Amino acid sequence: MKASVVIVIFVYNRPSHTQRVLEALRANVGIEESELFVFCDGARDNSTIESVSEVRKIIRAIDWVKSKRVFESEENKGIERSVIDGLNLVFSIYDKAIILEDDIVCSKGFLSFMNQALDCYEHESNVAGISGYAFSNPIEMPDSYFLPLGSGWGWGTWKRVWERTIFDGSLLQKKIKEVGEEKFNFGHYPYSDLLKPQEAGKLIPWDVCFYASYFLEGGVFLFPKNSLVENIGFDGSGTHSDAPESIRVVKLSDSVKFEPIPVKLDPKIVRQVEKYFEMDFKPSFLGVLRTKFLRFLNARIGGQR
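A.B. asks: Which parts of the structure should I look at to understand the overall build of the chain?
C.D. replies: A tally of regular secondary structure across the chain gives 10 helices and 10 strands. A total accessible area of about 14,100 Å² is found for the chain, and carbon and sulfur atoms account for 50% of it.

A.B. asks: Help me understand helix H2 (residues 49-60), please; the structure alone is not making it clear to me.
C.D. replies: An α-helical segment advances 3.6 residues per turn. Residues three or four places apart therefore align on the same side. Helix length check: H2 (12 residues) gives 17 Å between terminal C-alpha atoms against 16 Å at 1.5 Å per residue, within 8%. Residues of H2 that are buried: Ser51, Val52, Val55, Arg56, Ile58 and Ile59. Seen end-on, H2 carries its buried residues on one side only, within an arc spanning 155°. Looking at H2, the residues exposed on the side facing more than 90 degrees away from the buried face are Glu50, Lys57 and Arg60. On its buried face, H2 sits against strand E1 (6-11), helix H1 (15-26), strand E2 (35-40) and strand E3 (67-72).

A.B. asks: What should I look at first to understand the packing of H1 against H2 in this one?
C.D. replies: At a closest axis distance of 9 Å, the pairing of H1 and H2 adopts a crossing angle of 20°. When the axis of H1 is compared with that of H2, the two are roughly parallel. As for how H1 packs across H2, the hand of that crossing is right-handed. Where H1 approaches H2, its residues Pro15, Thr18, Gln19 and Leu22 are matched on the opposing element by Ser51, Glu54, Val55, Ile58 and Ile59. Its residues placed into classes, the contact of H1 with H2 shows five nonpolar, three polar and one charged.

A.B. asks: Can you help me understand the pattern of salt bridges in this one?
C.D. replies: Two side chains that carry opposite charge are able to pair once their charged atoms sit near each other. As enumerated under the stated definition, the model contains 13 salt bridges in all. One salt bridge connects Lys96 with Asp119, and the closest N-O pair in it is separated by 2.5 Å. Of this pair, Lys96 sits in strand E4 (residues 96-101) while Asp119 sits in helix H4 (residues 110-120); the two residues are 23 residues apart in sequence, bridging distant segments of the chain. Judged by relative accessible area, which is 15%, Lys96 ranks as buried.

A.B. asks: Is there a simple way to think about the side chain of Ser213 in this case?
C.D. replies: Note that Ser213 resides in helix H8 (residues 206-216). Beyond its immediate sequence surroundings of up to four residues, Ser213 is in contact with Arg164, Thr165, Ile166 and Leu172.

A.B. asks: Where do I start with the side chain of Asn115 in this structure?
C.D. replies: Along the chain, Asn115 turns up in helix H4. When its relative accessible area of 12% is taken as the criterion, Asn115 is described as buried.

A.B. asks: What is the right way to read the environment of Val8 from this model?
C.D. replies: Along the chain, Val8 falls in strand E1. You can call Val8 buried: its relative accessible area is 0%. C-alpha of Val8 to C-alpha of Leu36: the two residues are 28 residues apart in sequence and 5.9 Å apart in space. Excluding anything up to four places from it in sequence, Val8 contacts Phe37, Phe39, Leu87, Val90, Ala97, Ile98, Ile99 and Leu100.

A.B. asks: Sorry if this is basic, but what is going on with the sheet that holds E4 here?
C.D. replies: Whether parallel or antiparallel, the strands of a sheet pair through hydrogen bonds between backbone atoms. Taken in spatial order, the eight strands make up an open sheet running E3-E2-E1-E4-E8-E6-E9-E7, and their pairing is mixed. For this open sheet the edge positions go to E3 and strand E7 (144-147), each flanked by a neighbour on one side alone. Across the sheet, the axes of successive neighbouring strands diverge by a mean angle of 25°, strand direction being ignored. The sheet contact formed by strand E6 (residues 127-131) and strand E8 (residues 155-158) spans two bridges and is antiparallel.

A.B. asks: How do you make sense of the packing of aromatic side chains when you look at a structure like this?
C.D. replies: Two aromatic rings, taken as a pair, are described by how far apart their centres are and by the angle between their planes. Summed over the entire model, instances satisfying the criterion amount to 28 aromatic pairs. Summarising the aromatic geometry, the rings of Trp155 and Trp206 are spaced 5.4 Å apart at their centres and angled 20° between planes, so their arrangement reads as stacked. Note that Trp155 is positioned in strand E8 and Trp206 in helix H8, a separation of 51 residues in sequence. By the burial criterion, Trp155 is buried, and Trp206 matches it. Taken together, a centroid distance of 4.7 Å and an interplanar angle of 15° make the contact between Phe184 and Tyr211 stacked. Linking Phe184 in helix H7 (residues 181-184) with Tyr211 in helix H8, this pair joins segments that are 27 residues apart in sequence. Its relative accessible area of 5% is what places Tyr211 among the buried residues.

A.B. asks: Looking at this model, I keep getting lost on the confidence of the model for the chain. Mind explaining?
C.D. replies: Close inspection of predicted coordinates is inappropriate for parts of the model with low pLDDT. On average, residues of the chain score 86 in pLDDT, and 82% of them reach the 70 mark or higher. A low-confidence stretch, residues 283-304 (pLDDT under 50), is modelled with 46 contacts involving residues beyond four sequence positions or located in other chains.

A.B. asks: Can you help me understand the pairing of E8 in this one?
C.D. replies: Working note: regular strand, side chains alternate between the two faces of the sheet. The side-chain alternation of E8 yields two buried faces, one formed by Trp155 and Thr157 and the other by Gly156 and Trp158. Direction of pairing for E4 relative to E8: antiparallel, over a ladder of four bridges. Its bridge partner lying in E8, Ile99 is registered against Trp155.

What counts and how
- For every chain, the first residue of its written sequence is number 1, and the numbers climb from 1 along that sequence.
- In keeping with the model being predicted, local features are shown solely for residues with a pLDDT of at least 70 and side-chain atom pairs are shown and tallied solely at 80 or more, while totals for entire chains, interfaces and linings include all residues.
- With hydrogens and water excluded, all non-hydrogen atoms of the structure serve as input to the side-chain values.
- Each helix is a run of DSSP H or I of at least 4 residues and each strand a run of E of at least 2, with the numbering of both proceeding from the N terminus.
- Note on areas: Shrake-Rupley with a 1.4 Å probe; residue coverage comes only from the protein chains shown.
- For a helix, the expected span equals 1.5 Å multiplied by the residue count minus one.
- Each residue's exposure class comes from its accessible area (1.4 Å probe, protein chains only) as a fraction of the maximum for that residue type: buried when under 20%, exposed when over 50%, partly exposed otherwise.
- This arc corresponds to the set of directions leading from the helix axis out to the C-beta atoms.
- Working rule for contacts: check all heavy atoms of both residues, and any pair within 4.5 Å makes them a contact.
- Where helices are involved, their axes are fitted lines through C-alpha atoms of the stretch in contact, as for all axes, and angles between N-to-C directions lie from 0 to 180°.
- Angle categories: roughly parallel below 35 degrees, roughly antiparallel above 145, roughly perpendicular from 65 to 115, and oblique for all the rest.
- Note: crossing handedness is left-handed where the near helix turns anticlockwise from the far helix by less than a right angle, and right-handed where it turns clockwise.
- By the convention adopted, Pro, Cys, Tyr, Trp, Phe, Met, Ile, Leu, Val and Ala count as nonpolar, Lys, Arg, Asp and Glu as charged, and the other residues, Gly among them, as polar.
- Any carboxyl oxygen of Asp or Glu that lies within 4 Å of a side-chain nitrogen of Lys or Arg is treated as forming a salt bridge with it.
- Note: two strands are recorded as paired if DSSP finds a minimum of 2 bridges between them.
- Two rings from Phe, Tyr or Trp (for Trp, the six-membered ring) form a pair when their centres sit within 6.5 Å of each other. Planes less than 30 degrees apart are called stacked, planes more than 60 degrees apart edge-to-face, and all others tilted.
- Confidence scores labelled pLDDT are given residue by residue by the predictor and lie between 0 and 100.

Shown next as structure tokens:
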């Protein structure tokens, strides 16, 4: 049996969410053979000290993995710096990783799918990552398929992809404009706007930079037929607590069969997912209002804090 891919979790100040994420992860077959890295962000102010401490106690109690390394930040980095710094460290040691945040609950079949897919496509240069999340869809989908964008909700990638990520928003904007913003803004979601800093000194969302970087190189993400993860953060506990119905998961799948498929986009599948996306993001009077609201929140799929 091949060694499990290292698992990386980013946590902050939500003990109940963190507990649910860990309980779900523990139910996965092979978890006892996994290596775990946990990055704990520091308290933002006095009001978060207690909850941050509670989360760290939960993390320290983990004893059901092969090995565990915990990093407790004394400062509040925020999700952007936490992820960038954490994954830079992980990929200085490992060639591939599975990444979760403290509001992503997985099914018991999550690790199996992710491990198999990461092993299978490790040397396929234009496969940028593997998603454990799947968009809800009204039509029957194949067991797995490729899309030109990924998801930050329970995902995996390789050092070869991460180390090529550009975290310069201005440079990315310039390059995206050269190839066309319309294709980049999948399903009319305003990704290109999120490459613009909303506040002085605030980092561009790491996941938008990641997406833009592999988009420019023609990268694709593998998705499962049914979602193996669910975001439980839309309850007011995180910075971004609203989301359109099309990206919410109704029911997790216990498992999704994995079989290698050719690395190519199926135009019919891509268009179908785009159409479902467009129900929420296609320009209209209400759509413009929604987009302005998203910009105000500096919202993004997969964000928190």
